[in-house]
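# Remarks on the overall topology
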There are 2 protein chains.
Amino acid sequence: MTTKEIIFEKALILFAANGYTATSIRNICSEVGIKESSFYNHYKSKDMLLDAIFESFNNALLSKALSDEQLDLLTTQFTLKEMLLNGLKQYIGIWENPTASQMWFVVSMEQYRNSKAGHIVIDESKRRILRTAYTFELFQKKGKMKQGDPLTLANLYSFSIRSLHLDYGLKKLYNNDPEQSWKSMQEVCNLFCNHWEL
Amino acid sequence: MTTKEIIFEKALILFAANGYTATSIRNICSEVGIKESSFYNHYKSKDMLLDAIFESFNNALLSKALSDEQLDLLTTQFTLKEMLLNGLKQYIGIWENPTASQMWFVVSMEQYRNSKAGHIVIDESKRRILRTAYTFELFQKKGKMKQGDPLTLANLYSFSIRSLHLDYGLKKLYNNDPEQSWKSMQEVCNLFCNHWEL
DNA sequence: GTCTATATTGCGATAGAC
DNA sequence: GTCTATCGCAATATAGAC
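Residues numbered from 1 in each chain as written. Chains lettered and ligands numbered in written order. Predicted model: local features only at pLDDT ≥ 70, side-chain atom pairs only at ≥ 80, totals over all residues. Heavy atoms only, no water.

Let us now look at the nonpolar core. Residues Phe15, Phe136 and Phe192 of chain A together with Phe15, Phe136, Tyr157 and Phe192 of chain B are the most contacted members of the largest nonpolar core, which totals 130 residues. Two domains share this core, each providing at least three of its residues, namely domain 1 (1-43) and domain 2 (53-196) of chain B. When near neighbours in sequence (up to four residues on either side) are disregarded, phenylalanine 15 of chain B contacts Tyr20, Thr23, Ile28, Leu49, Leu50, Ile53, Val106 and Met109 of chain B. (Core = buried A, V, L, I, M, F, W, Y, C linked by side-chain atoms within 4.5 Å. Buried < 20%, exposed > 50% of the residue type's maximum accessible area, 1.4 Å probe, protein only. Domains from an automatic or database assignment. Contact = heavy atoms within 4.5 Å.)

The structure is reproduced here in structure tokens:
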């Protein structure tokens, strides 16, 4: 690992735990084991480091999106319930991945005061809904799901799961019964499929 | 208005716009028109000021919760759709109220690094779901709503609306088509009622 | 690429006069 | 309750030797 990568990693941990503004370059360098002046050989400023984290997070999100072709294949091979339950498992898995969950925390904390973070959240939300809507559309075309506006169905299902997902992450942080949120996610999924699956 | 109230108001504006840590007592006092030393005649520390904001926010949330008796009356007088649509209007109204929306922003930003903020969010989420579940239970008892586990139905509906509500606030902040989220909220409400209202 | 040393600014908080 | 003055410290960032 290069020094730049270690800076990135340690900064992410500290930003996630204490927030960007409350974390000093001194804190980060102390964790890395270098002097503050060395920091500037790797990042132009503290702000550029935050931007690098945002960019890395956004790229990770974009790379996870399923293509139209992949969705076409999956909606043929699996039932609606199988596909949604599998989606839930992947979604919740974020909170078992330290780097991914730290990035979520940092972006979530910054979203109201940093427009880059804000737009990452807005775009991710929109992308998630549109991919779900397209999935529902494919299931409907294949006669595996009841008819109805795919976008509204996606809004109902996907936004509900999104809230529960955020709840899970927050509760996990404070050791406040996150498993209840995971159970609710599965129950919502079952309820939804019982009503719309064919 | 007392000086203490003006400090509270100006601090809330600055915390919401720039975050708690990035806002200095100097910034606040400059807005209020007093010297920093005078600040300490009203609040023991910057942290105590933040606590006061949290407490005020939590009290406002608690005071808005409808009692069992009120819910019993409302579920008799109104249809499911009327009641949910009215709930949406009140919910979205938060973003038209500067103080309320500023408090939401501050608590949202702090939720991952300040346990008081974190527990306010966790509790608010739980309270909202439980009140909705009880409302559905009453509608079911009165034969105005299809049977089904009220808690799971509340999770599906209320968490979906919650996400859309947060989306609205964030999009409004960045002038990024918030009305689309409001339309989605109404569509989700209609879809839900079309399926579960009797 | 790392270090020592330093510049400059801003921070939260306090003492004590009025 | 407000002010002036100040303390002690930590912040980001830079210069220049090795």
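Structure shown, so let's carry the discussion forward.
Attention now moves to the interface of chain A and chain B. Counting residues at the interface gives 41 residues for chain A, matched by 41 residues for chain B. Carbon and sulfur atoms supply 68% of the area buried between chain A and chain B, which totals about 3,900 Å² over both sides. For chain A, the biggest contributors to the area lost against chain B are Tyr112, Leu156 and Tyr174 of chain A; these three give 20% of the whole. Between chain A and chain B we count zero salt bridges in total. (Buried area = accessible area lost by both parts, 1.4 Å probe. Salt bridge = Lys/Arg side-chain N within 4 Å of Asp/Glu carboxyl O.)

For DNA strand D, the set of nearby residues contains 16 residues, the closest of which are Arg26 of chain A together with Thr3, Ser37, Asn41 and His42 of chain B. Considering the 4 Å shell around the protein, atoms of DNA strand D inside it are sugar or phosphate in 53% of instances. At 3.3 Å, a side-chain N or O of lysine 46 of chain A approaches a phosphate oxygen of DNA strand D. Within the residue set of the surface near DNA strand D, elements represented by two or more residues are helix H2 (25-32) and helix H3 (36-39) of chain A together with helix H3 (36-39) of chain B. (Near = heavy atom within 4 Å. Polar contact = N/O pair within 3.5 Å; in protein donor to acceptor, adjacent residues only side chain to side chain. Helix = DSSP H or I, 4+ residues; strand = E, 2+ residues; numbered from the N terminus.)

The subject of this paragraph is the side chain of threonine 132 of chain B. All names here are of chain B. Tracing the backbone through its elements, the reader meets threonine 132 in helix H8 (residues 115-141). Here threonine 132 falls in the buried class, since its relative accessible area comes to 13%. Aside from chain neighbours lying at most four places away, what touches threonine 132 is Ala154 and Ser158.

Attention shifts here to the pattern of salt bridges. Evaluated as defined, the whole model comprises 16 salt bridges over all chains. Close ionic contact of lysine 141 of chain B with glutamate 137 of chain B constitutes a salt bridge, the shortest N to O distance being 3.8 Å. Highlighted residues: lysine 141 of chain B and glutamate 137 of chain B, both in helix H8, separated by four residues, approximately one helical turn. Each of the salt bridges in this network shares a partner with another, and the network as a whole consists of Glu124, Arg128 and Arg162 of chain A.

Right, let's get into the relation of the copies chain A and chain B. Related by rotation about an axis and a shift along that axis, the two copies of the chain form a pair. Aligned on chain B, chain A shows an RMSD of 0.0 Å; the corresponding rotation is 180° and the shift along the axis is 0.0 Å. With respect to symmetry, the two chain copies, as superposed, fit the operation of a two-fold axis. Residue serine 160 of chain A of chain A places its C-alpha closer to the rotation axis than any other residue of that unit, at 1.8 Å. Most of the interface of chain A is mirrored in chain B: 100% of its interface residues are interface residues there too. (Least-squares fit on C-alpha atoms with pLDDT ≥ 70 in both.)

Every one of the 15 residues lining DNA strand C counts as a neighbour, but Thr3, Lys35, Ser37, Asn41 and His42 of chain A are closest to it. Between a phosphate oxygen of DNA strand C and a side-chain N or O atom of threonine 3 of chain A, the distance comes to 2.8 Å. For the surface near DNA strand C, the secondary-structure elements that each account for two or more residues are H3 of chain A together with helix H2 (25-32) of chain B. Looking at the surface near DNA strand C, its residues break down into three nonpolar, nine polar and three charged. (Nonpolar A, V, L, I, M, F, W, Y, C, P; charged D, E, K, R; others polar.)

Another point: the environment of glutamate 197 of chain B. All names here are of chain B. As for its position among the elements, glutamate 197 is in the segment after helix H10 (178-196). In sequence terms glutamate 197 and glutamine 147 are 50 residues apart; their C-alpha atoms lie 9.7 Å from each other. Setting aside its immediate chain neighbours within four residues, glutamate 197 contacts Thr79, Leu80, Lys81, Lys144, Met145 and Phe192.

Right, let's get into the packing of helix H1 (residues 3-18) of chain B against helix H4 (residues 46-64) of chain B. Residues and elements named next belong to chain B. Close contact between H1 and H4 brings their axes to 11 Å; oriented N to C, the two are set at 90°. It follows from the interaxial angle that H1 and H4 lie roughly perpendicular. Counting all contacts with H1, which are made through Ile7, Phe8, Ala11, Leu12 and Phe15, the residues of H4 involved are Leu49, Leu50, Ala52, Ile53 and Ser56. Class assignment of the residues belonging to the contact of H1 with H4 gives a composition of nine nonpolar, one polar and no charged. (Axes fitted to C-alpha atoms, helices over the stretch in contact; angles between N-to-C directions. Parallel < 35°, antiparallel > 145°, perpendicular 65-115°, else oblique.)

Next up on the list: the packing of helix H9 (residues 150-173) of chain B against H10 of chain B. Residues and elements named next belong to chain B. At their nearest, the axes of H9 and H10 sit 8 Å apart, and the two run at 170° to each other. In this view, H9 runs roughly antiparallel relative to H10, as classed from their interaxial angle. Only Pro178, Glu179, Ser181, Trp182, Ser184, Met185, Val188, Cys189, Phe192 and Trp196 of H10 make contact with H9, whose side of the interface consists of Leu153, Leu156, Tyr157, Ser160, Ile161, Leu164, His165, Asp167, Tyr168, Lys171 and Lys172. Class assignment for the residues of the contact of H9 with H10 results in 13 nonpolar, four polar and four charged.

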